[in-house]
Structures are given as C-alpha cells and as structure tokens.
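Structural description and commentary
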Protein chains: 2
Amino acid sequence: MTDTASTRPERDDALALGVATRPGTGIDRRRFVARAASTVAGLAGASVALRSGAQATSDPAVQRALGEQLGGTGARSSHVELARVCGGGPDQAELACDIYSNNSKTPVQSLFGTVTPSDLHFERSHSGTPFIDPKVHRLLVHGLSAKPTVFSMDDLYRMPSATRMAFIECAGNGWNNWKEAKPELTAQDTHGLISTSEWTGVPLTFILDQVGAPKNATWMLAEGADGAGVDRSIPLDEAVLRDGMLAYAQNGEPLRPTNGYPLRLLLPGYEGNMNIKWLRRLKFGTEPFNTRWETDKYTDLMPDGKARKFTLVQDPGSVITTPSGSMQLDKGFVEIRGLAWSGYGRVARVDVSLDGGERWRPARIVGEALPQSQCRFVLPWEWTGQAALLQSRCIDERGHRQPTRDQIVSVQGTNPIYHYNAIQTWRVDPTGKVTNAYA
Amino acid sequence: MTDTASTRPERDDALALGVATRPGTGIDRRRFVARAASTVAGLAGASVALRSGAQATSDPAVQRALGEQLGGTGARSSHVELARVCGGGPDQAELACDIYSNNSKTPVQSLFGTVTPSDLHFERSHSGTPFIDPKVHRLLVHGLSAKPTVFSMDDLYRMPSATRMAFIECAGNGWNNWKEAKPELTAQDTHGLISTSEWTGVPLTFILDQVGAPKNATWMLAEGADGAGVDRSIPLDEAVLRDGMLAYAQNGEPLRPTNGYPLRLLLPGYEGNMNIKWLRRLKFGTEPFNTRWETDKYTDLMPDGKARKFTLVQDPGSVITTPSGSMQLDKGFVEIRGLAWSGYGRVARVDVSLDGGERWRPARIVGEALPQSQCRFVLPWEWTGQAALLQSRCIDERGHRQPTRDQIVSVQGTNPIYHYNAIQTWRVDPTGKVTNAYA
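By convention here, each chain's residues receive numbers from 1 onward along its written sequence. Each chain gets a letter, beginning with A, and each ligand a number, beginning with 1, in the order they are written. The predicted nature of this model means local features are confined to residues of pLDDT at least 70 and side-chain atom pairs, given and counted, to a pLDDT of 80 or more, with totals for whole chains, interfaces and linings taken over all residues. Values shown for side chains rest on all heavy atoms present in the structure; no hydrogens or waters enter the calculation.

In this section: the overall build of chain A. On a plain count of helices and strands, chain A comes out with nine helices and 24 strands. For chain A, buried positions account for 65% of its 439 residues. Restricting the contact set of chain A to residue pairs at least 6 apart, pairs at least 24 apart contribute 71%. Carbon and sulfur atoms provide 50% of the accessible area of chain A, an area that totals close to 15,200 Å². Think of it this way: any DSSP run of H or I at least four residues long counts as a helix, any run of E at least two long counts as a strand, and we number them from the N terminus. The classification of residues rests on relative accessible area computed with a 1.4 Å probe and restricted to protein chains. Under 20% of the type maximum is buried, over 50% is exposed, and intermediate values are partly exposed. It only takes one pair of heavy atoms within 4.5 Å for two residues to be counted as in contact. Using a 1.4 Å probe, the Shrake-Rupley method yields the accessible areas, and only the shown protein chains count as cover for residues.

As structure tokens, then:
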C-alpha cells in the first residue's frame with residue numbers, strides 16, 4: 001500500500017484482527033445525557049413514558065419463517081396507508097378524483113423529513129394527465145430574433161445538467177381559512193398543495209445560450225402539451241436566470257406523468273402553475289403575453305374590485321404537521337413537528353406558539369435549511385391536558401415573516417384564493433382532540 | 001399591513017398591476033454565456049449538436065385529448081423501465097430473484113441526482129423480506145446493568161426525531177473486478193449495492209439515555225427479526241454515538257419492507273449489514289459478540305490465510321454512471337456523470353481520467369457534498385471517436401483516496417469479496433461501445 005492511497009484507512013488497522021480499540025474506560029453516561037440534550041434541544045433528562053406495556057419483543061412467527069423473495073422493486077407495506085386526497089377551490093371543495101380539472105393533495109401530516117415521495121407529490125391539472133411518448137415529444141424555443149430550435153428529449157438528456165432540492169407550491173395552498181373553514185380539516189386539506197423533491201435537468205441559461213436568446217427578451221412564454229395547453233409568462237429576471245431548469249428527473253428517477261413527464265419547467269420559489277408541466281414551447285417576448293391563465297385564473301381579486309396580476313413568488317409559509325387537524329393527542333411527551341418554506345430563499349427561523357400567538361419560542365430546524373426548499377422543524381413539548389392553540393410562523397433569510405389572518409384580510413379582504421400564507425392554528429382541547437381553528 | 005409582516009413583499013408590489021419591472025435594457029447575451037460557463041464549468045460557447053432533426057413540436061393527438069384522471073398515487077410512465085437486478089457473490093453471480101439469500105442491485109446507470117427512489121434501494125437479505133405488523137413489533141434494549149426495556153413502534157414514533165441524508169453500501173459493493181470480470185458488466189452490476197436516502201428516526205443516544213446505558217458498555221449487539229436473525233456487534237464509538245439512528249422513515253415515508261420496515265438501525269458510513277433491518281434487539285456488552293455474521297460471513301480473507309474482522313467503515317468510492325458498461329456513445333458533447341462517496345465524511349474532490357489514470361482533471365461536484373452521502377459529479381467532454389479509458393477517483397475530507405486495483409491486490413490479494421473500493425475503469429472503443437475493463 002502506498003502512502004497516498006489506502007484501502008483500509010488508519011482507524012481500521014487496529015480493528016483488523018478483531019481487537020476493540022475503545023479506551024477501557026467505556027462510555028460515560030453523563031456524555032450520553034449531554035449528547036441527548038444537544039440532539040433534542042433542551043430535553044435533557046426528559047423521559048418518554050412507554051405506553052405499550054408490552055413484554056414480548058417481536059413476533060416469533062416472523063422469525064421462524066422465510067420472508068418474501070427479492071424483486072425488481074420494493075412496494076410499500078400493506079400496513080402503510082398513504083394517498084393524496086382530491087379537493088378543489090372554495091366552490092368545488094367536495095370534488096372527487098374523477099374530475100379532470102382538479103387537484104390532489106400530499107398527505108403532509110403522515111410524512112417525515114423533507115423529501116416528498118414522488119408518487120405522493122401533489123398534482124394540479126386542468127385537463128388530466130397526458131400520456132406522452134418521450135421519443136415523440138419535442139420542445140420548441142423561438143421568438144423575437146432567436147433562431148427557432150426544436151429539441152428532442154435525447155438532445156436534452158445529453159446537455160449539461162443541474163440538480164437541486166426545491167419545493168413546488170400551488171398558489172392556492174392554504175386558502176381554506178381565508179374563507180369560513182370547517183374544524184375537521186386536516187393538514188393535508190389545508191396545506192397539501194406543496195411538495196419537495198430533488199430535481200435534475202438542463203439549466204435554463206444553457207438552453208437560452210443554445211438558441212441565442214435575444215438581448216431585448218424580458219419575458220418568456222412557457223406552454224404545456226396537455227389538452228388545456230396551460231401557458232404562462234415568465235419574467236426573465238435574476239431569480240429565473242439563476243435557478244430556472246428544464247427538469248426531466250425528480251428524486252433520482254424520470255418525472256412521474258402527474259408531474260410533467262417527460263419535461264417540465266422548474267422555477268424554484270415561483271407559484272406552482274408557472275412550473276409548466278409537459279413543457280412543449282418557450283417563446284421570447286418583451287412584455288407579458290397575458291394568457292387566460294394570468295388574466296383570469298391566477299389573479300388576486302382585491303377589495304376595490306381590481307385584480308392583482310403576476311403575484312409570482314410564494315411567500316413564507318409553515319404548518320405544524322404533528323399534532324394537526326383530526327389527530328388525537330395523548331398526555332406526555334410530544335414532539336411538535338412541522339414544515340416551513342419561503343420562495344425568497346432559505347428559512348432563517350421558525351417560531352412556535354402554544355397559546356395562539358401570545359408567546360413564541362424558536363423551534364429547532366432539523367439539518368440545514370436549503371433555498372426554496374421545505375425544512376423540517378421540531379419543538380419538544382410536555383402536554384399535560386391543557387387547552388392549547390398551536391401556531392408556527394416562518395421568517396426567511398430576507399426578513400419576510402408569515403402574517404396572521406387578520407393582517408392579510410386587512411389588506412386583501414377575503415375575495416382571493418391565491419397566496420394566502422397566514423399562520424395556521426390548530427386547537428387542542430383538554431380531551432386531546434385537535435381541530436382546525438378558523439383564525 | 002404592518003411593517004413587520006407582509007403578504008406580498010416588496011418585489012411584487014411593482015408587479016401587482018402587471019407592470020414589468022425589468023430594466024428596459026433587457027438581457028445581455030454575454031451574461032447568458034458567462035452564466036452558462038459558470039454553470040457547466042468550462043463549457044462556455046460549446047454547442048450541443050441537435051440529433052433529432054425533428055421539425056414537429058409535440059404530439060398533436062395529446063393536445064386534443066383529455067388526460068388521465070387524478071388519483072391517490074402517481075405511477076411511473078410505462079415508458080420508464082427501472083428495476084433492480086438480482087445477483088450474488090462470485091460463486092453465485094447468476095442467481096435469480098427467486099432465491100432467498102441474495103441481493104438486488106440499484107440501477108445506478110439510469111438514475112439522476114443523488115436520491116435513490118425508495119423502491120429501487122438495493123436489498124440484501126439472508127432469508128427474504130419478513131412481513132411485520134408494526135402494532136406487534138417490539139424493540140428490546142438490555143445488557144450489563146441497563147434496565148431491560150421494551151419499546152413499541154408507537155413509543156418510538158413519539159420520541160425526539162432526527163433526519164439526515166446518508167448512503168447505505170453493502171460491504172460487497174464493487175467486488176466484481178477483484179475477480180476476473182466480464183466486459184459486459186454494467187454499472188448496476190459492479191456498483192449497484194449502494195443507495196442514498198433521507199432517513200428519519202430516533203437518535204441512538206436518546207434510546208441509550210432512556211434505558212440508562214451502562215458506563216462500561218463499549219459494544220452493542222443489534223439483532224434483526226427476520227428468519228436469519230442477522231446480528232452484528234456495533235462498536236459504541238464516537239461516530240456511532242454521533243450519527244446512529246433507529247430509523248423508521250426513508251425519503252419521507254415509512255421504510256419499505258425490503259429496507260427494514262418498521263425499524264432499522266442506521267449507522268452512516270458503516271458497512272451495510274451493520275445497519276440491521278427489522279431491528280428487534282439491542283444488547284450492551286464490553287467486547288464484540290462474535291456472531292457468525294462477523295466471524296464467518298463478513299470477514300476479509302488475507303493472503304496469509306488469516307481473516308480480518310470488523311472492517312467496518314466503507315472506504316471512499318466512486319463510479320462513472322454515464323457513460324458506463326454496455327452503453328453506446330455517440331460523437332459530440334458528452335456530460336460524464338457519476339457518483340462518489342466516503343464512509344469517513346464528505347467527499348472533498350473527485351478526479352476523472354480519460355486515459356486510464358495517466359492524467360487527471362477535477363470534476364465538478366453538483367451542489368453540496370453531504371457527510372456519508374453520495375454526491376453527483378460531472379465533467380463536460382467532447383468525444384471525437386478516440387479510444388478512451390474512463391476512470392474516477394474519490395478523495396474524502398480526511399484525505400483518503402480511492403486506490404487502483406493493483407494497489408489493493410498488492411496488500412490484500414484476491415481472496416476477499418468485501419471492501420473492494422478500487423477505481424472502476426470503463427473502456428470506450430472507437431465505435432463508441434463501452435465495456436467493463438478488468439483493471
């Protein structure tokens with residue numbers, strides 16, 4: 001072995017013959033406590049009461065049997081029930097999944113960490129999910145003085161690639177309490193229109209360079225190949241040029257059809273509908289194209305009767321996922337868990353209140369908060385049976401802070417359904433029942 | 001709206017009535033080029049030749065039709081073929097999936113980014129996959145002076161949680177070229193026994209604190225609930241105490257049964273078999289337990305006839321996934337893509353050689369290299385039809401570097417099958433055929 005390359009670096013040499021290398025002093029219990037304390041942020045010495053009372057370990061029948069044979073893919077356990085639920089806007093809240101123009105929501109209250117499983121990523125479509133053959137699919141880029149160019153998927157797969165984590169959030173996520181909302185709503189009902197994935201694709205700037213993007217292009221139309229032909233005007237601003245991507249992969253694999261297979265636009269931080277799925281066309285312009293999706297559909301009707309257009313960036317948001325609507329709380333230790341995000345960049349801080357916003361304490365952000373990605377936050381809590389109003393609020397690195405419902409209503413009234421990012425409140429009653437507080 | 005909370009931060013106010021805020025000068029093409037150059041690391045001005053020659057954009061039939069209705073989960077496109085393939089060690093390389101003690105390998109050559117889809121995470125089992133009811137499953141923690149304690153899954157779900165990215169790598173990953181290997185091997189064949197996920201679970205230190213881990217405990221037995229009852233001795237060293245986790249979730253959802261549902265040990269950086277699946281028992285001790293899995297199975301037979309035991313940490317590794325074995329290369333721009341990792345921490349650098357190791361150039365690591373996680377590396381290449389020998393080598397933050405095959409063989413001979421982390425070589429012949437080079 002040379003000095004510069006090793007197959008078993010130094011630590012293992014001493015272990016090579018099975019000799020334990022730990023100092024004879026063994027483990028200091030105080031160190032465990034100190035480590036646990038640093039891990040759980042102030043919970044040193046707290047005890048989690050065991051509820052099971054079980055004495056047996058695992059199922060003896062399992063240990064005496066051969067298991068299932070290996071296979072090409074590994075399905076979920078039949079004990080795990082995870083599914084999106086379909087819903088609509090305020091006028092169509094009861095819509096079922098057999099409607100074409102609809103959405104289905106991610107079960108955020110049942111998930112862990114920050115990555116959304118690809119098959120549970122929320123979907124929003126205006127004419128169902130098209131079935132596209134990647135060998136037939138093409139992307140046309142044109143407009144102004146650009147050389148019109150058609151790319152096949154094979155062209156795109158060969159190009160330089162980028163990979164990053166990013167959330168996509170429907171502009172309508174969280175709207176429910178803008179109207180008069182029911183107490184039985186779950187976190188999936190109120191905040192299931194956001195999901196986070198690791199995306200891979202071609203940097204938008206690379207495509208623009210390939211076609212010779214015109215100097216005077218300030219906007220770009222992006223159009224989908226679905227029956228509805230959803231198209232949106234994209235401002236070619238700093239953020240779009242820095243982060244925009246023609247994404248063909250999600251969480252390591254090709255996009256799922258419900259998320260745009262074989263190609264979608266990814267614009268981290270911008271409202272979901274701009275991240276055009278089944279992308280077939282980009283066209284340069286010097287002003288917005290004013291498609292129906294931005295003059296009718298995705299506008300915000302203000303109290304004075306005028307509508308805001310092009311409210312494009314997703315404001316800071318957060319939701320407590322445990323405990324949340326329709327859950328039943330048991331007394332004792334509870335780890336309050338939730339998700340926070342901002343279209344403007346990284347989450348800087350998440351505060352949690354147990355009393356409806358009177359007092360706030362900082363939650364712990366698990367790992368590193370990534371730009372335009374959901375982060376997981378946690379706060380240990382000992383629930384002793386008192387009534388509580390649980391809230392979280394996100395503060396991003398640019399200082400934007402989630403507002404209260406009153407603050408939003410005072411400015412925007414209650415007409416719109418898009419970009420309602422108010423603090424969500426879960427009511428805990430003394431029996432442990434958790435409900436949506438219309439506040 | 002108050003000064004401290006905003007629903008539409010400053011940027012959007014100017015856009016509120018649809019007024020474009022971009023400076024009238026528009027986009028500077030030189031900026032695109034500069035951006036593209038910084039994105040693709042030295043490819044400024046390079047052109048990716050279009051191969052399709054297609055003039056049509058997308059399929060008109062798709063645009064005239066309604067798509068599929070929304071649903072609870074979104075399946076893969078039928079155009080996407082992704083599956084693990086089953087294989088064995090050198091004496092059982094032709095094993096099919098209908099054998100219980102076997103492995104199935106991740107299709108690394110067909111994936112993107114760093115996250116492995118949960119259903120494609122490699123599997124290795126010694127008696128198939130047990131079907132476990134989480135309501136019945138228990139974890140027993142005992143040994144030495146510890147208070148014997150039984151935890152239900154509900155107990156564990158309530159506890160403080162941790163989330164992190166980590167790879168798990170079978171100790172046998174990459175062994176093929178240690179023996180005389182066939183040229184038609186793919187990257188899945190040679191390096192499909194490693195996968196990366198975002199894991200969530202209870203910090204090991206929290207459990208140790210709960211049961212009162214004895215001061216003199218230096219080792220811990222971890223035992224699975226499968227028929228084989230795989231059990232391994234875990235050194236309670238710094239890395240285990242810092243990073244160890246009782247994981248119940250993977251990529252946002254509960255573990256898949258093939259990955260240990262409902263509970264597995266996660267020991268980032270340690271050989272895969274120590275990350276005990278279907279975890280049912282932890283027992284403290286003052287020395288290794290010398291189970292059959294560490295005296296017979298997972299040892300390294302050296303040239304002098306003695307066997308190394310407890311070679312626990314996964315050394316630095318890497319593999320080029322595009323182009324790789326059995327692929328056909330077309331002339332023109334190629335983005336060389338691969339994965340690199342180290343059990344010792346972060347990947348610091350990845351070098352790529354086009355000539356079998358004569359000259360090396362640094363690849364670009366995409367995003368941030370996380371500790372004990374796979375990172376994606378890329379290097380732009382213009383292939384003009386010359387023969388080439390493609391190699392990558394990983395250098396981690398502690399300075400460990402991947403060795404050549406000769407370096408490993410000079411020390412360890414060719415008896416072992418575990419911990420072969422030599423540089424992988426793909427041969428490109430002038431016709432563009434890519435094969436495994438036995439080197």
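Bringing the sheet that holds strand 16 (residues 317-322) of chain A into the picture now. All names here are of chain A. The strand order 16-17-21-20 describes an open sheet built from four strands, whose pairing is antiparallel. Edge positions in the sheet fall to strand 16 and strand 20 (364-365), since each of these pairs with one other strand and no more. Examined bridge by bridge, strand 17 (residues 332-341) and strand 21 (residues 375-383) share nine bridges and lie antiparallel to one another. For R337, the partnering residue across the bridge sits in strand 21 and is V378. A strand pair is defined by DSSP finding two or more bridges across the two strands.

Before going further, it helps to spend a moment on the pairing of strand 21 of chain A. Residues and elements named next belong to chain A. Counting buried positions along strand 21 gives seven out of nine residues, so the element sits mostly inside the fold. Sheet analysis places strand 20 next to strand 21, joined by two bridges and oriented antiparallel. Following the sheet pairing, R364 is matched in strand 21 by V378.

With that settled, consider helix 6 (residues 204-211) of chain B. Among the eight residues that make up helix 6 of chain B, eight are buried, leaving the element largely enclosed by the rest of the structure. Among the residues trailing helix 6 of chain B, G212 of chain B stands out with phi positive, at a value near 70°.

The next subject is the side chain of H142 of chain A. Residue and element names in this part refer to chain A. Here H142 lies in strand 4 (residues 138-142). For H142, a relative accessible area of 17% corresponds to the buried category. Residues adjacent in sequence count toward polar contacts only when both atoms are side-chain atoms; beyond that, a polar contact is any pair of N or O atoms within 3.5 Å, and within protein one must be able to donate a hydrogen and the other to accept it. Looking at H142, its side chain comes within polar contact range of the side chain of R281, at 3.0 Å. Beyond its immediate chain neighbours, meaning those up to four positions away, H142 contacts P148, R281, L282, K283 and F284.

Residues and elements named next belong to chain B. One open sheet holds the three strands; their spatial order is 1-2-3, and the pairing between them is antiparallel. Each edge of the open sheet is held by one strand with a lone partner, namely strand 1 (85-87) and strand 3 (123-125). Each neighbouring strand pair of the sheet contributes to a mean axis angle of 20°, computed without reference to strand direction. Angles here are taken between N-to-C directions and fall from 0 to 180 degrees, while the axes themselves are lines fitted to C-alpha atoms, restricted in helices to the stretch in contact.

A separate point is the pairing of strand 22 (residues 388-396) of chain B. Residues and elements named next belong to chain B. Most of strand 22 sits out of view: eight of its nine residues are buried. Summarising the sheet, strand 18 (residues 347-353) and strand 22 pair through six bridges and their orientation is antiparallel. Of the residues in strand 22, the one forming a bridge with V347 is D396.

Another point: the packing of aromatic side chains. Stacked, tilted and edge-to-face are the three classes assigned to paired rings of Phe, Tyr and Trp, where Trp is represented by its six-membered ring and a pair needs centres within 6.5 Å; plane angles under 30 degrees give stacked, over 60 edge-to-face, the rest tilted. Under the defined criterion, the tally for this structure stands at 10 aromatic pairs over all chains. Between F112 of chain A and Y248 of chain B, the ring centres sit 5.3 Å apart and the planes meet at 65°, which makes this aromatic pair edge-to-face. Taken together, the positions of F112 of chain A in the loop between strand 2 (102-105) and strand 3 (123-125) and Y248 of chain B in strand 10 (residues 245-250) put the pair across two chains. Across the pair, exposure class does not vary: F112 of chain A and Y248 of chain B are buried alike. Clustering of aromatic rings is evident, with ring pairs tying together F112 of chain A together with Y157 and Y248 of chain B. Only Lys NZ and Arg CZ are tested; either one counts as a charge over a ring when it is within 6 Å of the ring centre and within 35 degrees of the ring normal. The ring of Y298 of chain A carries the charged tip of K297 of chain A above its face, separated from the ring centre by 5.9 Å. Its guanidinium or amino end placed over the ring of W293 of chain B, R292 of chain B lies 4.1 Å from that ring's centre, counting from NZ or CZ.

Let's shift gears to the environment of L241 of chain A. Residue and element names in this part refer to chain A. Turning to its location among the elements, L241 is positioned in helix 7 (residues 238-243). What makes L241 buried here is its relative accessible area of 3%. Separated by 33 residues in the primary sequence, L241 and L208 place their C-alpha atoms 9.5 Å from one another.

Let us now look at the environment of R256 of chain A. As for its position among the elements, R256 of chain A is in the loop between strand 11 (253-254) and strand 12 (264-266). The class for R256 of chain A is buried, based on a relative accessible area of 10%. Taking the C-alpha atoms as reference points, R256 of chain A and D396 of chain A, separated by 140 residues in sequence, lie 30 Å from one another. Apart from residues lying up to four places away in sequence, R256 of chain A is in contact with S118, D119, Q250 and Y261 of chain A together with G74, A75 and R76 of chain B. A distance of 2.7 Å separates the side chain of R256 of chain A from the backbone oxygen of G74 of chain B, its partner in a polar contact.

Another aspect to go through is the pattern of salt bridges. Residues and elements named next belong to chain A. Every case where a carboxyl oxygen of Asp or Glu lies within 4 Å of a side-chain nitrogen of Lys or Arg is listed as a salt bridge. According to the stated counting rule, one finds 30 salt bridges over all chains in the structure shown. In this structure, the salt-bridge partner of R76 is D119, at a minimum N-O distance of 2.9 Å. Of this pair, R76 sits in the loop between helix 3 (60-63) and strand 1 (85-87) while D119 sits in the loop between strand 2 and strand 3, and the two are 43 residues apart along the sequence. The exposure class assigned to R76 is partly exposed, which follows from its relative accessible area of 21%. Judged by its relative accessible area of 12%, D119 falls in the buried class. With its nearest N and O atoms 3.0 Å apart, the salt bridge here joins R393 to D351. Here R393 is found in strand 22 (residues 388-396), whereas its partner D351 is found in strand 18 (residues 347-353), with 42 residues between them in sequence.

Position of N103 of chain A among the secondary structure elements: in strand 2. The spacing of N103 of chain A and E123 of chain A is 20 residues in sequence and 5.4 Å in space, taken between C-alpha atoms. In contact with N103 of chain A, other than residues within four places in its own chain, are V85, C86, G87, G88, E123, R124 and L193 of chain A together with L70 of chain B.

In this section: unusual backbone geometry. Only a minority of non-glycine residues have a phi that is not negative, and only a minority of peptide bonds are not trans. Following Y261 of chain A, the chain continues to P262 of chain A via a peptide bond in cis, the omega torsion being 10°. On the secondary structure map, P262 of chain A appears in the loop between strand 11 and strand 12. That bond from T322 of chain B to P323 of chain B is cis: its omega, -5°, falls within 30 degrees of zero. Within the fold, P323 of chain B resides in the loop between strand 16 (317-322) and strand 17 (332-341). A positive phi angle, near 50°, is found at Q372 of chain A, a position not held by glycine. Among the secondary structure elements, Q372 of chain A is positioned in the loop between strand 20 and strand 21. Exposure remark for Q372 of chain A: the relative accessible area of 5% places this residue in the buried category. The phi torsion at N290 of chain B lies on the positive side, around 50°, for a residue other than glycine. With respect to the helices and strands, N290 of chain B occurs in the loop between strand 13 (279-285) and helix 8 (292-297). Exposure remark for N290 of chain B: the relative accessible area of 37% places this residue in the partly exposed category.

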